[in-house]
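Structure assessment
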Amino acid sequence: MFELRKGIFLDELRNISVRIGEIVEEEEWEEAGPTPKPGIIDLREWDHKLLERYEPFYAPVQDFCNLCTMGPCDLSFNKKGACGIDLRAAKARLVTIACCIGASAHTAHARHLVDHLIEEFGEDLRIDLGGDVNVEAPVIRTVVGIKPKTLGDLKKALEWAEKEIVKVLHSTHIGNEESIIDYESKAMHVSMADHVGMEVADIAQIVAFGFPKAKPDTDLVPTGFGIVDVKKPVIVVVGHNVMYSRPIIDYLEKEGRLDEFEIAGLCCTAHDMTRYNSKAKIFGPISYQLRVIRAGLPDVLVSDEQCIRADLVDACSKMGIPLIATSDAAVRGLLNVSDWEVKDIVEALVSGKLKGVFLPIPEKVGVVAPLVAKAIFEKSKDKKYKFFPSDEELKAEISKCTQCMSCVFTCPHNLRIDQGMALAQKTGDLSKLAVLEEHCLACGKCEQVCPKGIRIVNVIMRSNFEKLYNKTGKTRVGRGPIQDTEIRKVGQPIVFGQIPGVIAAVGCINFPDEMKSIVEILEEFLRRRYIVVTSGCHAMDIGMIKDEEGKTLYEKYPGNFDAGCIVNVGSCVSNAHIAGAAIKIANIFAMRPLRGNYAEIADYILNRVGAVGFSWGPYSHKAASIATGFNRLGVPVVVGPHGMKYRRAYIGKPWKREKWWVYDIKSGQKVFIEPAPDSLLVAVETKEEAIVQLARLCIRPNDTAMGRQIKLTHYIELSKKYYGDLPDDWHLYVRSEADLPLRMREELLRILEEQHGWKIDWDKKKILEGPIRGYDAGFNPTIVEKVFAKYRR
Amino acid sequence: MISKEEKFPVAKRYNVADIQVSREATAVKPAVVANLIKKASNPVLITGGTLLKDPKLVEIAVKFYEKGIPVIATGGSSKPLIERGVKPLFKTFTLHQITQFLLDEDFKINGKKVDLAVFLGFLPYYLSRMLSALKHFSEIKTIAIDEFYHPHASFSFTNLTKDRELYYSMLEELITKL
Ligand code: SF4
Ligand code: SF4
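About the thresholds
- Every chain begins its residue count from 1, and numbering advances along the sequence as written.
- By the order in which they are written, chains take letters starting at A while ligands take numbers starting at 1.
- For this predicted model, a pLDDT threshold of at least 70 governs which residues receive local features, and a threshold of 80 or more governs which side-chain atom pairs are given and counted, while totals over whole chains, interfaces and linings are taken from all residues.
- Hydrogens and water molecules were not included; the side-chain quantities draw on all heavy atoms of the structure.
- The cutoff for a nearby residue is simple: one of its non-hydrogen atoms must lie within 4 Å of the molecule or strand.
- For this scheme, ten residues count as nonpolar: Ala, Val, Leu, Ile, Met, Phe, Trp, Tyr, Cys and Pro. Four count as charged, namely Asp, Glu, Lys and Arg, and the remainder, Gly too, count as polar.
- For every domain, the bounds stem from an assignment made automatically or drawn from a database.
- Working rule for contacts: check all heavy atoms of both residues, and any pair within 4.5 Å makes them a contact.
- When two parts are brought into contact, each loses some accessible area as probed by a 1.4 Å sphere; the total of that loss over both is the buried area.
- What makes a salt bridge here is a side-chain nitrogen of Lys or Arg within 4 Å of a carboxyl oxygen of Asp or Glu, nothing more.
- Counted as a polar contact is a pair of N or O atoms within 3.5 Å, where, for protein atoms, one must be capable of donating a hydrogen and the other of accepting one, and residues adjacent in sequence contribute only when both atoms are in side chains.
- Put simply, DSSP marks the helices as runs of H or I at least four residues long and the strands as runs of E at least two long, and each gets a number from the N terminus on.
- Only protein atoms enter the 1 Å grid used here. Points where a 1.4 Å probe fits but cannot escape make up a cavity, open sets with protein on both sides within 12 Å along at least five of seven lines make up a pocket, and a residue lines them when an atom lies within 4 Å of a point.
- Grid points are joined across faces, edges and corners, and a volume is the space filled by probe spheres set on the points.
- Here, strands pair whenever DSSP counts at least two bridges between them.
- Here an angle of 0 to 180 degrees is reported between the N-to-C directions of two axes, which are lines fitted to C-alpha atoms, with helices fitted over the stretch in contact.
- Only protein chains enter the calculation, and the probe is 1.4 Å; a residue is then buried if its accessible area is under 20% of its type maximum, exposed if over 50%, and partly exposed in between.
- We call a crossing left-handed when the near helix sits turned anticlockwise from the far one by less than a right angle, and right-handed when that turn is clockwise.

**A closer look at the site of ligand 1**
In the vicinity of ligand 1, the contacting residues are A:C411, A:P412, A:L415, A:I417, A:C440, A:L441, A:A442, A:C443, A:G444, A:C446, A:V457 and A:I460. Class assignment of the residues belonging to the shell around ligand 1 gives a composition of eleven nonpolar, one polar and no charged.

Here is the structure:
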């Protein structure tokens, strides 16, 4: 923090703005851009530009609104409710609320962390992300307009985010916004705040907890259901904020007993435990919670916040597993034992007097959890990895089924439990039940409706036990940010298109297909030398799926941010580093200033950086805000079919020529362009469709001829492979013959001539007439007038 | 329309919680679907990813095409269809994108606005949302001929999940009556 010295000269005050009660340092690290600490309307113009092209699309789940007491209102066929809101705006409001929830989750997580860490390490703990990261906090720099140097500085970014989240949430109160475009602009705004919240949280934990700092070759950690040694007490941590469970490792290390225990996690706390100490292991995502609990694996379970089941007390107590809830986000009706002595807490939990406790003191959790785990383990040693005590009990359970199908019509995937049960009843063959495991989310909804009270989840898991147990592999520990040196190397090939794209596989497990589908999709791109980045649940699923040689993608492809490599950045909050990498390309490669310069940076990314987000199984609100935040930054996102249920998408209409234009800074002209990318948020149904969409959405107006040729080659090859033919729209992306895939050039020229009426000079094999625009090596696109004016000068 | 006497399964929603208040799809028999298609001025068949798993659905879509109904293939369903000689109007766009296009007044197929869209071979929850969008924000009639009853469609087959043979026979009957 800057301090006023005695006798300071006016001259020295040049870079300091003084507010009453506060002295704020504003070091001239970069020229300030137009929108530091933006309010709701400061980037509205940018959003309107995006939404003019990428028109919001709404798919209501319900026809009515019941948010206020004038309702419920029937809004079907876009009718208005009592407050005047119509169905579209009501859905826009709902998505805005979802994004507010997502942004709040990450930002509150960041707040918990920063306050706690400042207490532990002080405000002045320096932000040092390692020698290869000099542009640290690119999101905060770009959005908030500050360059944080210490934990204390992160608080300033956090304060801005918190303020904006409250303001946007306010706008969702009855009777406010009526324009869908302005609602979407608010959803984008709060989602941009989400990215700031994520960046604050991850930087704070990296510097305070000593997580890996942009290291490509981090350790590989065991991942999957079958990872724990049943001869050791098992401590299971679940949630998204590692702050509460980290001291478990400290305590056991101090005691020299870390190797006597198994510490394994579910969801992002698992990632962050392994980032803290790679002796920790990863069970899996939220869909593994019931798998792990019902299999009796934990001797104690420590929960914190976010994507955790809301019935943990019930689920754990049925299995005799003591629960320690730690975050005030999920107190679970449990007694607050913060003031109790450790021995009393342990006694209450081990004796079963209390099913669980609320203990928000991390240091105490660190001691209590191992003591409880050890005692419970000693009490019941051979309960692990059993869904039924005996095969007879399994058989008895299956025999209860009457094939009423209530479960089928409640299951998110309409899994044919009835058929599996019927075959098992008739022949004893469990195979039809076993295949369900590969798709089952272990959500437990089927059990809620089964009139016979069958423990369907246990039946399914038991039926596929061998495969489930062996669905284990290795995850590369989350590395955090991307190095500046890596950006220097790949920035140009990405912007020019020689690296055909960056695929960022991010998010949850609500897959439409077997878990291995995520690996099949991503490997297609790794083989084609795209850069693949991942985080969160996707990153741990990848760590479970092995090839014939027993290797996961992490073992087959390096962890660098480079062509043909796969980078695990870490937990949900580490997603900020993916946005940060795109921003750093604009900054480090193209020298665009970041400070409070959001629209220019997003415009740069939209037109030049062929990065696409991919969430194969999105379900959380956080996924909504992460995706929407990427969208505002100019990064399209493809979601799996469950992503439809967010209700809103941003889909352009490539056949509307007038929608697709840019200003060319070089020529000073407004130029009609190819629709690249043509959607900002779109849901796909199958893995085949995911692959082709991802490839096509990597195309950018700024691609060089070489880059476009490479991108088109992949797009065309993948379309032929998965769709059986050339894409419908490939010709839209052709600016000159140099854009055409070399091996197909003649064939494609002929199609352009015959089917699209283009004029071809066959002697020179040149296109004479036809493309939307010609190729110009100096083409310099923008859709922002101010950027155009700035660089035309 | 399906009368109780004919002993069709009840029109149970593909997901009991996919509820709505305003209008629930009319459960219809194949003959009604055939009539609706015949009466439409510009109908299309839109196919989805289930065709990659169920050859019977491919066969049905091919027959639609042979009866002169244009096909929009999504989700990769173009691959088996093209192999069987179908030339889909579109194959690159997702159902999500196609629905966005259909909602646009300016979107024409063969020079005309689509007035009837028939859906075959989709994940039910994915299709349901698109049917909802079309129901609320367009005049287009929608018919779901998947094995699931789709409440958001204008017309839907009833729930045939329990009886696959009945489902296939209904698809065949629809084709013969086209
Ligand atoms: S637990 Fe599995 S089978 Fe049961 S409803 Fe959920 S996803 Fe379906
Ligand atoms: S709800 Fe229960 S009884 Fe009915 S089919 Fe499913 S498992 Fe069998």
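**As for the domain arrangement of chain A**
You'll often see interface size given as the accessible area lost when the parts meet. Residue and element names in this part refer to chain A. Partitioning chain A into structural domains gives domain 1 (44–209), domain 2 (220–383), domain 3 (391–470) and domain 4 (478–769). Domain 1 and domain 2 are separated by 31 Å when their C-alpha centres are compared. Of the residues lining the interface, eleven residues belong to domain 1; the matching set on domain 2 comes to 15 residues. A combined buried area of about 1000 Å² lies between domain 1 and domain 2, and 49% of that area is made up of carbon and sulfur atoms. Here domain 1 and domain 2 share two salt bridges between them. The partner of E120 in a salt bridge is R246, and the shortest N-O contact between them spans 3.2 Å. Joining domain 1 to domain 2, the criterion identifies six residue pairs in polar contact (both at pLDDT 80 or more). Going through the elements one at a time, helix 2 (87–121) and helix 5 (180–209) are the ones with two or more residues in the side of domain 1 that touches domain 2. No other element matches the seven residues that helix 2 contributes to the side of domain 1 that touches domain 2. Class assignment for the residues of the side of domain 1 that touches domain 2 results in four nonpolar, five polar and two charged.

**A short note on empty space enclosed by the protein**
Residues and elements named next belong to chain A. Summed over the entire model, instances satisfying the criterion amount to eight cavities of 30 Å³ or more. Looking at the largest cavity, its volume works out to about 270 Å³. What lines the largest cavity is a set of 31 residues, among which V506, G507, S615, A623 and I626 lie closest to the centre. Of all the elements in the fold, those that place two or more residues in the lining of the largest cavity are helix 20 (536–542), strand 18 (611–615), helix 24 (621–632) and strand 19 (637–639). Per-element tally for the lining of the largest cavity: the top contributor is helix 24, with seven residues. Residues of the lining of the largest cavity, tallied by class, amount to 20 nonpolar, nine polar and two charged. The two domains that each donate at least three residues to the lining of the largest cavity are domain 2 (220–383) and domain 4 (478–769).

**Considering the sheet that holds strand 21 (residues 661–664) of chain A**
All names here are of chain A. If you trace the three strands from one edge of the open sheet to the other, you get 22-21-26, paired in antiparallel fashion. Looking at the sheet topology across the chains shown, the edges are occupied by strand 22 (669–672) and strand 26 (781–782). Sheet topology note: the strand 21/strand 22 ladder contains four bridges and is antiparallel. Residue D664 lies in a different strand from strand 22, and its bridge partner there is Q669.

**With respect to the sheet that holds strand 5 (residues 141–144) of chain B**
Residues and elements named next belong to chain B. Taken in spatial order, the six strands line up as 1-6-5-4-2-3 in an open sheet, and their pairing is parallel. Each having just a single partner strand, strand 1 (26–27) and strand 3 (71–73) make up the two edges of the open sheet. Relative to strand 4 (residues 116–120), strand 2 (residues 43–47) runs parallel, the two being bridged by five bridges. Residue pairing for strand 4: P43 is matched across the bridge by L116. Helix 1 (residues 30–39) contacts strand 2, strand 4, strand 5 and strand 6 (155–156) of the sheet and is inclined by roughly 140° relative to strand 4.

**Here's the deal with the site of ligand 2**
By nearness alone, every residue bordering ligand 2 is listed as A:C401, A:T402, A:Q403, A:C404, A:M405, A:S406, A:C407, A:D418, A:C450, A:P451, A:I454 and A:I456. Split by residue class, the shell around ligand 2 holds eight nonpolar, three polar and one charged.

**Comments concerning unusual backbone geometry**
Residue and element names in this part refer to chain A. Note that the residue after G71, namely P72, is joined by a cis bond; omega there is 0°. The residue P72 is located in the loop between strand 4 (64–65) and strand 5 (73–74) in this model. Of note, the amide linkage connecting A676 to P677 takes the cis form, showing an omega dihedral of -10°. Summarising the element assignment, P677 is placed in the loop between strand 22 and strand 23 (679–683). One non-glycine residue, Q403, lies in positive phi territory at about 60°. Assignment of secondary structure puts Q403 in the loop between helix 12 (391–399) and helix 13 (417–427). Note on Q403: relative accessible area 21%, which makes it partly exposed. The residue M405 is not glycine, and still its phi comes out positive at about 75°. Mapping M405 onto the fold places it in the loop between helix 12 and helix 13.

**Thoughts on the packing of helix 10 (residues 342–351) of chain A against helix 11 (residues 362–379) of chain A**
All names here are of chain A. Running from amino to carboxyl end, helix 10 crosses helix 11 at an angle of 35°, the nearest separation of the two axes being 9 Å. Seen from above, helix 10 lies across helix 11 with right-handed handedness. For the pair helix 10 and helix 11, the contacting residues are V342, I345, V346, L349 and V350 in the first and K364, V367, V368, L371, V372, A375, I376 and K379 in the second. In terms of residue class, the contact of helix 10 with helix 11 is built from eleven nonpolar, no polar and two charged.

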